[in-house]
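Analysis of the macromolecular model
Residues per chain are reported as follows:
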Amino acid sequence: MKISFAEGLAKAIHESLEADARVVLIGSGFMGLNMAARKLLEPSVQKFSDRMLVTPVSELGLCGAAIGAAVCGQRPVVDIGTGSFIFQAFAQIVNEAANIHYMSGGQTSAPVTFYCLAGIRGGGAAQHSHRMQAMLGQVPGLQILAPGSAEDAYHLMKWALLESRNPSVFISHSLLLAETADLAPGAAVPPVGKARIRRPGRDVSIIANSITVPRALAAAEALEREHGVSAELVDLRTIAPLDRETVLQSVAKTGRAVIADECHRSFGVAAEIAATLAEEGLAQLKAPVCRVAVPDVPIPFSPPLETELTVTKEKIVAGALKVLGR
Amino acid sequence: MKISFAEGLAKAIHESLEADARVVLIGSGFMGLNMAARKLLEPSVQKFSDRMLVTPVSELGLCGAAIGAAVCGQRPVVDIGTGSFIFQAFAQIVNEAANIHYMSGGQTSAPVTFYCLAGIRGGGAAQHSHRMQAMLGQVPGLQILAPGSAEDAYHLMKWALLESRNPSVFISHSLLLAETADLAPGAAVPPVGKARIRRPGRDVSIIANSITVPRALAAAEALEREHGVSAELVDLRTIAPLDRETVLQSVAKTGRAVIADECHRSFGVAAEIAATLAEEGLAQLKAPVCRVAVPDVPIPFSPPLETELTVTKEKIVAGALKVLGR
Amino acid sequence: MHAKRVTAMLRMRRFEEQCVELSKAGQLLGHYHVYIGQEATAVSACAALTADDFVFSTWRNHGHLLAKGASPQKMMAEILGRSGGYAGGKSGTLHLAVRELGVPTTSALVGASLPLAIGSALACKRRGSGIALAFFGDAGLEEGAFYEATLLASVWRVPILFVCENNSIPPEQRKRGQYTSSTLPAARLLDVPLALKVPAEAVDGADMDALDECFNRLIGEVRSGGGPRFVEVRCTRWPGNIMTWPELPGGAWQLAWAFGAKPENAQIVDWLASDPLVLYLRKLAAAGALDRSQVEAIDQRARTEMADAVRFALASPYPAPAEAYRHVWA
Amino acid sequence: MHAKRVTAMLRMRRFEEQCVELSKAGQLLGHYHVYIGQEATAVSACAALTADDFVFSTWRNHGHLLAKGASPQKMMAEILGRSGGYAGGKSGTLHLAVRELGVPTTSALVGASLPLAIGSALACKRRGSGIALAFFGDAGLEEGAFYEATLLASVWRVPILFVCENNSIPPEQRKRGQYTSSTLPAARLLDVPLALKVPAEAVDGADMDALDECFNRLIGEVRSGGGPRFVEVRCTRWPGNIMTWPELPGGAWQLAWAFGAKPENAQIVDWLASDPLVLYLRKLAAAGALDRSQVEAIDQRARTEMADAVRFALASPYPAPAEAYRHVWA
Ligand SMILES: Cc1ncc(C[n+]2csc(CCOP(=O)(O)OP(=O)(O)O)c2C)c(N)n1
Ligand SMILES: Cc1ncc(C[n+]2csc(CCOP(=O)(O)OP(=O)(O)O)c2C)c(N)n1
Ligand SMILES: [Mg+2]
Ligand SMILES: [Mg+2]
């Protein structure tokens, strides 16, 4: 069954509402400004209106309430809207949700999901384009889900809503909503925390997450087609837990690593992967690693400026050729 | 002249208030709960009471007001208190202060200083022990000052209050307040953004910031004394700008790197340094780099548990011996 | 004075209509917000300001900037992301700011400009000149940032005027006290600032004379050291603002509508009873202060000016890619 | 019932005195906060709660937990960071929580527990049983988190009682309406929740009977679906809480003070007029409801129990270092 990322989200939300009465929606704008995608949620909005809460523009309060409800037995998902609004709620997410299980000595858990549409989306400018997966990587106790495909949008959302025992930040991306994939019923799904090899290869490993997954896939195909390079694509799927093992195994095989990540270059997801390689995979590295990330610059509105900073297929190809010494 | 870190701060604040009428203090608890250190600020509190604002417990509002005042010609420093309270103000610091210059196309600047006492301080537990230098490293437009010595506490604070043209987060540390150093009048001070070689060495580079600077210095001395190892200590001083060049030069000389950092291990300062080495210093590395950082675990209250997670002299020594293959 | 006000309002309206057209034509990328139906507020409030004052706005800033004297050409170029814009294309519509006109920075986050505005007022108080004025929407009152900013304004007694443009008021309730916006549980929106001892009142945003009286008085009080003031401007949402992306229901606004002609679109017919421009024009005409031909001349100039602004903007090149790396650091 | 209340209050007071002593002796590391002078509030409020209810507290949580029935031994062990504590030493005093008693998590950030409490109340509403009660200090009203939480409570009409323990009220103003705490600019602290349509009132925190009446009524209203309620408990700061680290000015509290003996310390003499325990004991004695010897027996048991708690805690080993890695993930 071919589904889109947006369909995957809508399906996961609907099925979760059906499966567990403790699932509550705090907000319902999961598709952002994408009107077509919004329609996909209509059936849930209709059928489960009593499980959706009216939401003033109070991100801190809403996220805190979601945590409190989770702590007391519900399984809420709160729609933060654009990823950049997560900063309004940082105190609750970073200093409450993440710590509750630990500081209660394991007495209490908070299976809450914070959902947002993060990333460089076209015209979002400096204040609506944040990617926060790396920042949140500094927060032990938070799961960071960053699906790069429709099937993972479905699987990870459903897992977060029905199975997870810990707080999760679900990082969606406006520019992924229309991506499609096969949702094969009964196909094996890697456990949460395990990366996926989206494409096997021999010459170079490309490590990607969220929006960079389809771009890296396109890059890998171009590398094959145009340069005879066999690139392996590792889709991290989750930033916490981070599947270092799969990354190390892939690089052990290829000897070369390009990390494609939409975070800012410094202190980004690419930094953590590169550091892991410097620490645990050094002997396998045949060439310096290459981070293909967003420069350390706020996101400008003007389209050509935004494009200049964006991680594209072309830049990933260039990164791969560089680590291959071509 | 021997001064303590706390004296350096107090001296910088006092001299800045004297030198520039635009310097305003929003809050005045710069020394936290350290009563002795608080006394050092008394003269400023007395003399400049009209330049200190009453502060309700409203971190978001206070930081935002400081930014607004800076934008309109003042040079405010806002005392956030414990570093963990910065999350209350994240929306203003991360999404306003950092972006103002850029998104106005260079029209407006915001020379504001956000001050806090961050870090693992003994008994702070999960909610009062945050180190945020790495998280903030994902925010282009923010300067991150993380002095590890009394003289840098003085120089960086004075620079932030009187000279800086951009917003700065000044990361102080309760456990550094009593550290002393020589403040030689007329001694050359490296420009902001330049690391200091605190101790030259041949066999291994130790890269440190904030509280890990004195601990790494002690480790370097122990390495020399007890193991005949000559360790070079690079004190980063600022996390943004980050002086990658000095790190690369040091590692080019020693071939080995240990990064001592109080952030959580994943996505921490150590990750960015290790990534830089994997990308730009790979050929010089004679051994895998070693991160000596805080495990990805919230900070527990209980003293032995806190100690278990803390970056100590001993762990830095062990890290150095490890990269030396001993 | 009347002609000046009418000119200012018509310029805003024609500017915004150009934005809608550009968006439809695919030239204006991303989300944007227009000020149609709220023009009287910016015109009246900014008329009482001086060059020393600071103004803070939101995503819905076009009218505020025009009222402060910004160039429609540079604004439009900015909105289209061109090098000739005020920020060289970096801000777009969301963060339009003109420092030299007292608009140093524009936040597009709900409530976020309010703490900044308090700091600006603090700077005014410290240097002994000017005041701060913050325009914001009714949803601003749902953010903790609004609350903390109000608290600080009250504790520090800084010279700030909070101008909450409540554009969710149905026509019949525009002049009455009840609060009818989104999700604030207050009986009256004013009750929140009042609880923090910030004097607060409401004014009809469709009544230019009431606005003038109100802003002159409140800005006078703030300027003379009276501390913060809060005003809720009650206006009725223009039907073109109800969709996610602004549209022009019934086409461009027609001057004839102010002089008896009836729009075809029923929503517009209803809304005209709340249109500050129509109400003002009718009042002026009734008083013989400004006749239709004078208004037509003003409108013609406004249309020409805004068409020129669009031409200027479209002719302005996009910035060179290397510009992306400038202005990270001052 | 009287004996039960006196017992509860004395247990809290003797527990806190032990904390001060342990801190002086260097056994209690880090900052901590004691509940002396506010005991009547927790005793009265928690008496009206059931096992289905949830309680949220702050850094000043010892009294609240004891009132909910927590074991002084496990509390003290936790406060000292020992393995026998409720969180195995991980929480310390700041985050003391006992899930099985309805205290699932304790935040030590000003205002931060309030959104959590709203969510808890939402959970109660959804499952159809229980209510949430949030104890917090007067500075909580300075945080945007308080504002947003109150707003949500009002919009969602969830069953929550906000209990603001305003411990900054000078004795002569304890019963009057004026707000005298830190830096909130409101005339009355109540004005803020009232503005958001949350019914609010004040009660004298030194008057056990007034507290009982108030909490019984308000919790009844909340429990029967009346939506949120807010109460400001007005109490006078105990002199030992004025320093950065708590002290025992004039030594441990003496029962004789309730029966005519005069403390040597002048601050304590003044404060006794606001001590809920002294006032309650005098009232009971005057009414012949409880005599001195009965109280002495109660006090003796409380002292013994708390001395035992300290012994238990000191005998409890520190957790093994490997424990640091447990409970990051559920
Ligand atoms: C912190 C934050 N949350 C959410 C948004 C998304 N958002 C943009 S405009 C808007 C509604 C604003 O309504 P109002 O304040 O009444 O202003 P209006 O657009 O009606 O002028 C929202 C929720 C945002 N920009 N910032
Ligand atoms: C967000 C945050 N800011 C600041 C602090 C530091 N702090 C701890 S207690 C306190 C004062 C609290 O006063 P109040 O709420 O009246 O409670 P009380 O201690 O008087 O019971 C402050 C400012 C904090 N813990 N959290
Ligand atoms: Mg509105
Ligand atoms: Mg208090």
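Quick caveat, the model's predicted, so the values are computed rather than measured.

1. Things to note about the site of ligand 1
- Neighbouring ligand 1 are 17 residues; E59 of chain A together with R60, D138, N167 and R237 of chain C lie closest to it.
- Each of chains A and C places residues near ligand 1.
- One of the side-chain nitrogen or oxygen atoms of R60 of chain C is found 2.7 Å away from an oxygen atom of ligand 1.
- Separating a nitrogen atom of ligand 1 from a backbone N or O atom of V110 of chain C is a distance of 3.0 Å.
- When ligand 1 sits alone it has 590 Å² of accessible area, and the protein chains cover 81% of it.
- When its residues are assigned to classes, the shell around ligand 1 shows seven nonpolar, five polar and five charged.

2. With respect to the coordination of the magnesium ion (ligand 4)
All names here are of chain D.
- Taken together, the protein ligands of the magnesium ion (ligand 4) are D138 (OD) and N167 (OD1), with distances of 2.1 Å. You can see D138 sitting in the loop between strand 2 (132-137) and helix 6 (144-156) and its partner N167 sitting in the loop between strand 3 (160-166) and helix 7 (191-195), a full 29 residues away along the chain. Neither D138 nor N167 differs from the other in exposure class; each is buried.

3. Quick notes on the relation of the copies chain B and chain A
- Each copy of the sequence occupies a distinct position, and chain B is placed on chain A by a rotation of 180° and an axial shift of 0.0 Å, giving an RMSD of 0.0 Å. Within this description, the copies of the chain are treated as partners about a two-fold rotation axis.
- A shared binding surface is used by both copies, with 100% of the interface residues of chain B retained as interface residues in chain A.

4. Things to note about the interface of chain A and chain D
- Listed per partner, the contact involves 41 residues of chain A and 35 residues of chain D.
- At the boundary of chain A with chain D, total buried surface from both sides reaches about 3200 Å², with 64% on carbon and sulfur atoms.
- The three residues of chain A that bury the most area against chain D are Y102, M103 and Q107 of chain A, which together make up 21% of that side's buried surface.
- Scanning the region where chain A abuts chain D turns up 16 residue pairs in polar contact (both at pLDDT 80 or more).
- Secondary structure elements with two or more residues in the side of chain A that touches chain D: strand 2 (23-26), helix 3 (59-71) and helix 4 (90-103) of chain A.
- Among the elements that line the side of chain A that touches chain D, the one with the most residues is helix 3 of chain A, at ten residues.

5. Concerning the coordination of the magnesium ion (ligand 3)
- Protein ligation of the magnesium ion (ligand 3) involves D138 of chain C (OD) and N167 of chain C (OD1), the donor distances falling in the range 2.1 Å.
- Given a relative accessible area of 6%, N167 of chain C falls into the buried group.

6. Focus: the sheet that holds strand 4 (residues 200-204) of chain C
Residues and elements named next belong to chain C.
- Judged by pairing direction, the sheet is parallel, and its five strands sit side by side in the order 1-2-3-5-4 without closing on themselves. Because the sheet does not close on itself, it has two edges, and the strands there are strand 1 (54-56) and strand 4. The mean inter-strand angle of the sheet, taken between neighbouring strand axes irrespective of direction, is 20°.
- Both strand 4 and strand 5 (residues 229-234) contribute to a ladder of five bridges, which runs parallel. Along strand 5, the bridge assignment pairs D204 with R234.
- Docked against the sheet, helix 2 (residues 39-47) engages strand 2 (132-137), strand 3 (160-166) and strand 5, running at close to 170° with respect to strand 2.
- On top of the sheet, helix 6 (residues 144-156) reaches strand 2, strand 3 and strand 5; it is set at about 150° to strand 3, its chief contact.

7. Things to note about the site of ligand 2
- Ligand 2 sits among 17 residues. The nearest are E59 of chain B together with R60, D138, N167 and R237 of chain D.
- Residues within reach of ligand 2 are spread across chains B and D.
- For ligand 2, an oxygen atom lies 2.9 Å from a polar atom in the side chain of W59 of chain D.
- Here an oxygen atom of ligand 2 and a side-chain polar atom of R60 of chain D are 2.6 Å apart.
- Expressed as a share of its isolated accessible area of 580 Å², the protein-covered part of ligand 2 is 82%.
- Here the shell around ligand 2 is built from residues that sort into seven nonpolar, five polar and five charged.

8. Here's the deal with the domain arrangement of chain A
All names here are of chain A.
- You can read the domains of chain A as domain 1 (2-182) and domain 2 (196-323).
- Taking only C-alpha atoms into account, the centre of domain 1 sits 25 Å from that of domain 2.
- The interface of domain 1 with domain 2 comprises 28 residues on the first partner and 26 residues on the second.
- Approximately 2100 Å² of surface area, both sides summed, lies buried where domain 1 meets domain 2, with 56% of it carried by carbon and sulfur atoms.

9. Observations regarding the side chain of R237 of chain B
- With respect to the helices and strands, R237 of chain B occurs in the loop between strand 11 (231-235) and strand 12 (238-240).
- Look past the residues within four positions of R237 of chain B in its chain and what remains in contact with it is L145, A146, P147, D152, L156, V189, P190, P191, V192, K194, A195 and R196 of chain B.

10. A look at helix 6 of chain C
Residues and elements named next belong to chain C.
- Helix length check: helix 6 (13 residues) gives 18 Å between terminal C-alpha atoms against 18 Å at 1.5 Å per residue, within 8%.
- In terms of burial, helix 6 is largely enclosed, as twelve of its 13 residues are buried.
- Within the span of helix 6, buried status applies to G144, A145, F146, Y147, E148, A149, T150, L151, L152, A153, S154 and W156.
- Downstream of helix 6 by one or two residues, R157 has phi in the positive range, about 50°.

11. Re the sheet that holds strand 3 (residues 52-53) of chain A
Residues and elements named next belong to chain A.
- In space, the seven strands of this open sheet follow the order 3-2-4-5-7-6-12, with mixed pairing throughout. Looking along the sheet, the strands with just one partner apiece sit at the ends: strand 3 and strand 12 (238-240).
- Relative to strand 5 (residues 113-117), strand 4 (residues 75-82) runs parallel, the two sharing five bridges. Its bridge partner lying in strand 5, V78 is registered against F114.
- Strands in contact with helix 3 are strand 2, strand 4 and strand 5; relative to strand 4, the strand with the most contacts, it is inclined by about 165°.

12. Topic: the packing of aromatic side chains
- Scanning the model with the defined rule gives 24 aromatic pairs over all chains in all.
- Aromatic pair F136 of chain C and F230 of chain C: ring centres 6.2 Å apart, planes at 75°, arrangement edge-to-face. With F136 of chain C in strand 2 and F230 of chain C in strand 5, the pair connects residues that are 94 residues apart, well separated along the chain. Neither F136 of chain C nor F230 of chain C differs from the other in exposure class; each is buried.
- On the numbers, 6.1 Å between centres and 35° between planes, the contact of F136 of chain D with F146 of chain D is tilted. One end of the pair, F136 of chain D, is in strand 2; the other, F146 of chain D, is in helix 6, with ten residues separating them in the sequence. Like F136 of chain D, the residue F146 of chain D is buried in the burial classification.
- Within the aromatic cluster, the residues linked to one another by ring pairs are F136, F146, Y147, F162 and F230 of chain C together with F136, F146, Y147, F162 and F230 of chain D.
- Positioned above the aromatic ring of W253 of chain D, the side-chain terminus of R13 of chain D is 5.2 Å from the ring centre.

13. Considering the interface of chain B and chain A
- In this assembly, 52 residues from chain B lie in contact with 52 residues from chain A.
- Between chain B and chain A, a total of about 4500 Å² is buried, with carbon and sulfur atoms accounting for 61% of that surface.
- The largest share of the area that chain B buries against chain A comes from Q138, F267 and E279 of chain B, three residues that together contribute 20% of it.
- Linking R291 of chain A and E272 of chain B is a salt bridge whose minimum nitrogen-to-oxygen distance equals 2.9 Å.
- The interface formed by chain B and chain A contains 23 residue pairs in polar contact (both at pLDDT 80 or more).
- Secondary structure elements with two or more residues in the side of chain B that touches chain A: helix 5 (90-103), helix 6 (133-136), strand 13 (257-264), helix 10 (269-280) and strand 14 (290-294) of chain B.
- Sorting elements by how many residues they give to the side of chain B that touches chain A places helix 10 of chain B first, with nine residues.
- Considering only residue class, the side of chain B that touches chain A consists of 31 nonpolar, twelve polar and nine charged.

How each quantity is defined
Residues numbered from 1 in each chain as written. Chains lettered and ligands numbered in written order. Predicted model: local features only at pLDDT ≥ 70, side-chain atom pairs only at ≥ 80, totals over all residues. Heavy atoms only, no water. Near = heavy atom within 4 Å. Polar contact = N/O pair within 3.5 Å; in protein donor to acceptor, adjacent residues only side chain to side chain. Areas by Shrake-Rupley, 256 points an atom, 1.4 Å probe, with all protein chains shown as cover. Nonpolar A, V, L, I, M, F, W, Y, C, P; charged D, E, K, R; others polar. Donors = N, O, S within 2.8 Å, 3.2 Å for Na, K, Ca; no water. Helix = DSSP H or I, 4+ residues; strand = E, 2+ residues; numbered from the N terminus. Buried < 20%, exposed > 50% of the residue type's maximum accessible area, 1.4 Å probe, protein only. Least-squares fit on C-alpha atoms with pLDDT ≥ 70 in both. Contact = heavy atoms within 4.5 Å. Buried area = accessible area lost by both parts, 1.4 Å probe. Pairing = 2+ DSSP bridges. Axes fitted to C-alpha atoms, helices over the stretch in contact; angles between N-to-C directions. Domains from an automatic or database assignment. Expected span 1.5 Å × (residues − 1). Phe/Tyr/Trp six-rings, centres within 6.5 Å; stacked < 30°, edge-to-face > 60°. Lys NZ or Arg CZ within 6 Å of the ring centre and 35° of its normal. Salt bridge = Lys/Arg side-chain N within 4 Å of Asp/Glu carboxyl O.

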